[in-house]
Amino acid sequence: MKRGRLLIFAAPSGAGKSTLVQYVMSQGLNTHFSISTTTRAPRGTEQHGKEYYFVSIDEFNEHIRRGDFVEFEEVYTGRFYGTLKSEVESRLEAGQNVVFDVDVNGGMNIKRQYSDQALSIFIMPPSIDELRNRLVHRATDAPEVIEQRIQRAEYEISQARNFDRIVVNDDLDRAKQEVLTIVKQFICE
Ligand code: ADP
Ligand code: 5GP
């Protein structure tokens, strides 16, 4: 059986990454979403084992100690996120394409480990102002959390050139088609 491939998506928070990831995953491309582990609290309708594995800091440290993670990062101060090995290898072996929604550092780390087996895509917002607009309209984060996310966005955008592809999410339908074309080409190579 053909081994699956890795599809890495990174972007500043609010750029539309989750929206585009969900779209790609709805296209019958034999994908598996890598469910990350995080110490942040669930927001909105998020459920344990669906969007994330929500754990305490002690449980997160225990995963680190056991060497369970492919990569992990303190994405925001005091908030940790990590990709479990158990979400990746067995799926690739089974021929599934594994999709990652991670921060830029995690994305570059996974790409380094899997090189040609992985495609890294950076979703670029049209501007920082539009990013703020989207986060405000999404209405899932407190104003101070939105400001933290905006501050980090500048660093994340500075890393875009380290990704295989950059897709500007201006018009959503156009961005969806661009991402789909890139992904299909990569997994059919
Ligand atoms: P991320 O996962 O990058 O944080 P989301 O996918 O949650 O971002 O998108 C942030 C908000 O912006 C959501 O409310 C989403 O519906 C909206 N959004 C996504 N893409 C666009 C776009 N091209 N134009 C306008 N709004 C968008
Ligand atoms: P959020 O709190 O908005 O769900 O995610 C915040 C940031 O953490 C996003 O950029 C998201 O992609 C990133 N993230 C989610 N899971 C992981 C992970 O397993 N590893 C890393 N490095 N970043 C992650």
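None of the values given here were measured: they were computed from a predicted structure.

What counts, and where the lines are drawn
Residues numbered from 1 in each chain as written. Chains lettered and ligands numbered in written order. Predicted model: local features only at pLDDT ≥ 70, side-chain atom pairs only at ≥ 80, totals over all residues. Heavy atoms only, no water. Near = heavy atom within 4 Å. Polar contact = N/O pair within 3.5 Å; in protein donor to acceptor, adjacent residues only side chain to side chain. Areas by Shrake-Rupley, 256 points an atom, 1.4 Å probe, with all protein chains shown as cover. Helix = DSSP H or I, 4+ residues; strand = E, 2+ residues; numbered from the N terminus. Nonpolar A, V, L, I, M, F, W, Y, C, P; charged D, E, K, R; others polar. Phe/Tyr/Trp six-rings, centres within 6.5 Å; stacked < 30°, edge-to-face > 60°. Buried < 20%, exposed > 50% of the residue type's maximum accessible area, 1.4 Å probe, protein only. Lys NZ or Arg CZ within 6 Å of the ring centre and 35° of its normal. Core = buried A, V, L, I, M, F, W, Y, C linked by side-chain atoms within 4.5 Å. Contact = heavy atoms within 4.5 Å. Pairing = 2+ DSSP bridges. Axes fitted to C-alpha atoms, helices over the stretch in contact; angles between N-to-C directions.

Hey, could you run me through the site of ligand 2 in this one?
Among the 17 residues in the neighbourhood of ligand 2, the closest are listed as K17, R40, Y52, Y81 and D101. The side chain of R40 places a nitrogen or oxygen atom 2.7 Å from an oxygen atom of ligand 2. Between an oxygen atom of ligand 2 and a side-chain N or O atom of R43, the distance comes to 3.3 Å. Within the complex, the protein chains bury 96% of what would otherwise be the 510 Å² of accessible surface of ligand 2. At the level of elements, strand 5 (69-76) and strand 6 (79-84) are the ones that each hand at least two residues to the shell around ligand 2.

I keep staring at the site of ligand 1 and nothing clicks. Help me out?
In the vicinity of ligand 1 lie 13 residues, with G14, K17, S18, T19 and N169 positioned nearest. Separating an oxygen atom of ligand 1 from a backbone N or O atom of G16 is a distance of 3.0 Å. K17 places a polar main-chain atom, nitrogen or oxygen, 2.8 Å from an oxygen atom of ligand 1. Secondary structure elements with two or more residues in the shell around ligand 1: helix 1 (17-25) and helix 5 (128-138). A breakdown of the residues in the shell around ligand 1 according to their chemical character gives three nonpolar, six polar and four charged.

Explanation requested: the packing of aromatic side chains in the structure shown.
Evaluated as defined, the whole model comprises seven aromatic pairs. Judged by centre distance (5.9 Å) and plane angle (55°), the rings of Y52 and Y81 are tilted. In this pair, Y52 sits in strand 4 (residues 52-54) while Y81 sits in strand 6, placing the two residues 29 residues apart along the sequence. Across the pair, exposure class does not vary: Y52 and Y81 are buried alike. Taken together, the ring pairs in this structure connect F60, F69, F72 and F80 into an aromatic cluster. If you follow R5 out to its NZ or CZ, it ends over the ring of F186, 4.2 Å from the centre.

What am I meant to see in the nonpolar core here?
Soluble globular proteins: nonpolar side chains tend toward being buried together. Core analysis: the biggest nonpolar cluster contains 26 residues, and L7, F9, I121, I123, V167, V179 and V183 have the highest contact counts within it. At the level of elements, strand 1 (6-10), helix 1, strand 8 (118-124), helix 5, helix 6 (143-158) and helix 7 (172-188) are the ones that each hand at least two residues to this core. With seven residues, helix 7 is the single largest residue contributor to this core. In contact with L7, other than residues within four places in its own chain, are T31, N97, V98, V99, F100, L119, V183, F186 and I187. L6, V98, F100 and V102 belong to the second largest nonpolar core, which has 11 residues in total.

For this particular structure, what's the right way to read the sheet that holds strand 6?
Read across the sheet, four strands follow the order 4-3-6-5 without closing on themselves; strand pairing throughout is mixed. The outermost strands of the open sheet, each flanked by one partner alone, are strand 4 and strand 5. Averaged over all adjacent pairs, the angle separating strand axes in this sheet is 25°, with direction ignored. Note: strand 5 against strand 6, six bridges, orientation antiparallel. When the bridges of strand 6 are listed, F72 appears paired with G82. Seen against the sheet, helix 6 touches strand 5 and strand 6 and runs at an angle of roughly 115° to strand 5.

Explanation requested: the side chain of D141 in the structure shown.
In this structure, D141 sits in the loop between helix 5 and helix 6. Side-chain polar atoms of D141 contact the side chain of R138, separated by 3.1 Å. Side-chain polar atoms of D141 contact the side chain of T140, separated by 3.2 Å. Setting aside residues no more than four positions away along its own chain, D141 makes contact with R43, L135, I146 and R149.

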